[in-house]
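# Fold and geometry: a report
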Amino acid sequence: MDGYKNQLLNQLKPRQSKMLSRIFKTLKRVRTTLKTVLLLLLTLIVALLISIKLAPNFELYATNILTNPSFTGGTTGWTLTNMTYDSTTYQDSAGSVTATAARKANVSGTAVHTSYTSINSYDIVTLSGYWMFTTAGNGNGDLYIEIEEQSSSGTWTQIWASGNQTASTTWTAISSVDVSSYFSTGSYRIRLRAELYGGAAISSDANAWFDNMNLDVVTPTITVGTTGTQTSEIQSGASNAYIGGAFTFVRNVTSTSVTSITISETGTISDSNISGLILYYKQEATCSTSIPGDATQFNSTPGSFTSGSSTVTGTMTVGTSQICVYTEVDIGSGAQVDDTVEIQITNPSTQVTATVGEVSPATAVAISDTTTITAGNSPPSFTNFVE
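All of the points below concern the structure found in this document. (Residues numbered from 1 in each chain as written. Predicted model: local features only at pLDDT ≥ 70, side-chain atom pairs only at ≥ 80, totals over all residues. Heavy atoms only, no water.)

### Considering the sheet that holds strand β22 (residues 340–341)
The sheet built from 3 strands is open, its strands ordered β14-β27-β22 with mixed pairing. Looking at which strands have only one partner, the edges of the open sheet turn out to be β14 (233–235) and β22. Pairing between β22 and strand β27 (residues 371–374): 2 bridges, direction antiparallel. Across the sheet, the residue bridging to Thr340 is Thr372, located in β27. (Pairing = 2+ DSSP bridges. Helix = DSSP H or I, 4+ residues; strand = E, 2+ residues; numbered from the N terminus.)

This is the structure in structure tokens:
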């Protein structure tokens, strides 16, 4: 490129040569800038891919248990008393519920969610939504949100209150209030309530609205998975043999303790020839290909197998960062060549015990591939030789 440029410049008049030289310099600066931009874009892409790879392998799903929470197009799913549907006043989309108290009137307006929803004592329940209040003269009022447990019908427990309102407001957010402590295991429904006092002064009144209500429920759940593959071969008579691969444990929110794990063996090896089950665990973004030296032993008592299963107990904290669980066993000297070992947790939802919350899935989670038993090392034999 530089040789061609110099040859071209030599063939031009000085003025033309000077102008062309400036053009080449400009193109060079542009090329350098483009290289810098491309390098920056490549760096950003790599960083993004790394962040995705290292991100915890779970998603936090919150379920809003309320039907028609935004009152879009009507009040389906709600029963209104001294409240009405307002199609022209709303927080974002269309529709809200409202109550009004005219001068010298006291009004108690309610919107009751029609259906009940089952909630566990360990669920995380978050309340959010919007309310608005307007007043004239000396009108005022209070807004409340309450819950009712189905087995105690008619008994309402207050979980939020606006405080007494004496002045007009714009739409005001109820921002993700944790109301979990108000719930135990049972079926619940919610009620929106406005206690309005119209006031005695001329032209007094009070008005209230609710919109975009959410009662979000998250069930804390440990998800069990696997990574890696089983060791292809293990010798008969091997002790403290690492099976290969790992089980993975991760929780969608907060943390809890796992106190019991049942490992199943579905290969052809007999129960009498596989024993000494020890589980080791470590928090790792990517599980190791061997048991880490600083992994923690889960069970102090080695597990034995009966009908293809072994249950071991211990204590292991599982939170939102992945925990890798490694399996170690003893293979009996009576194991036959070509016997197979296949390790799984047949039903994590029932075979992994967590102190709080649930465990999933309810289907088998197996480490890939099969381990085959090979002949063990035989001691040398000696023959007496006679000269």
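### Observations regarding the pairing of strand β8 (residues 140–149)
Burial within β8 is extensive, with 10 of its 10 residues counted as buried. The pairing of β8 with strand β11 (residues 186–197) spans 10 bridges and is antiparallel. Note that in β11 the partner of Gly141 across the bridge is Leu196. Pairing between β8 and strand β9 (residues 156–161): 5 bridges, direction antiparallel. (Buried < 20%, exposed > 50% of the residue type's maximum accessible area, 1.4 Å probe, protein only.)

### Considerations on the state of the cysteines
Per the counting criterion, the structure on display carries 1 disulfide. Each disulfide pairs two cysteine sulfurs, and for Cys287 the partner residue is Cys324, the sulfurs being separated by 2.0 Å. What sets the handedness of the Cys287 and Cys324 disulfide is the S-S torsion sign, and at about -90 degrees it is left-handed. Of this pair, Cys287 sits in the loop between β18 (274–283) and β19 (296–297) while Cys324 sits in strand β21 (residues 323–331), and the two are 37 residues apart along the sequence. Across the pair, Cys324 and Cys287 agree in class, each one buried. (Disulfide = S-S within 2.5 Å.)

### Considering the side chain of Ser310
Position of Ser310 among the secondary structure elements: in strand β20 (residues 309–318). Ser310 gets classed as buried once you look at its relative accessible area, which sits at 1%. Of the polar contacts made by the side chain of Ser310, one reaches the backbone oxygen of Ser304; its length is 2.9 Å. (Polar contact = N/O pair within 3.5 Å; in protein donor to acceptor, adjacent residues only side chain to side chain.)

### Details of the environment of Phe133
Within the secondary structure, Phe133 is located in strand β7 (residues 124–136). Sequence-wise, Phe133 and Ser168 are 35 residues apart; in three dimensions their C-alpha atoms are separated by 5.4 Å. If we ignore the near neighbours within four places in the chain, the residues touching Phe133 are Asn140, Gly141, Gln165, Ala167, Ser168, Thr169, Leu196, Ala206, Asn207 and Ala208. (Contact = heavy atoms within 4.5 Å.)

### Structural notes on the pattern of salt bridges
Evaluated as defined, the whole model comprises 5 salt bridges. In this structure, Arg193 engages Glu146 in a salt bridge whose closest nitrogen and oxygen atoms are separated by 2.7 Å. In this pair, Arg193 is assigned in strand β11 and Glu146 in strand β8, connecting sequence segments 47 residues apart. The exposure class assigned to Arg193 is buried, which follows from its relative accessible area of 16%. For the salt bridge of Asp294 with Lys282, the shortest nitrogen-to-oxygen distance reads 3.0 Å. (Salt bridge = Lys/Arg side-chain N within 4 Å of Asp/Glu carboxyl O.)

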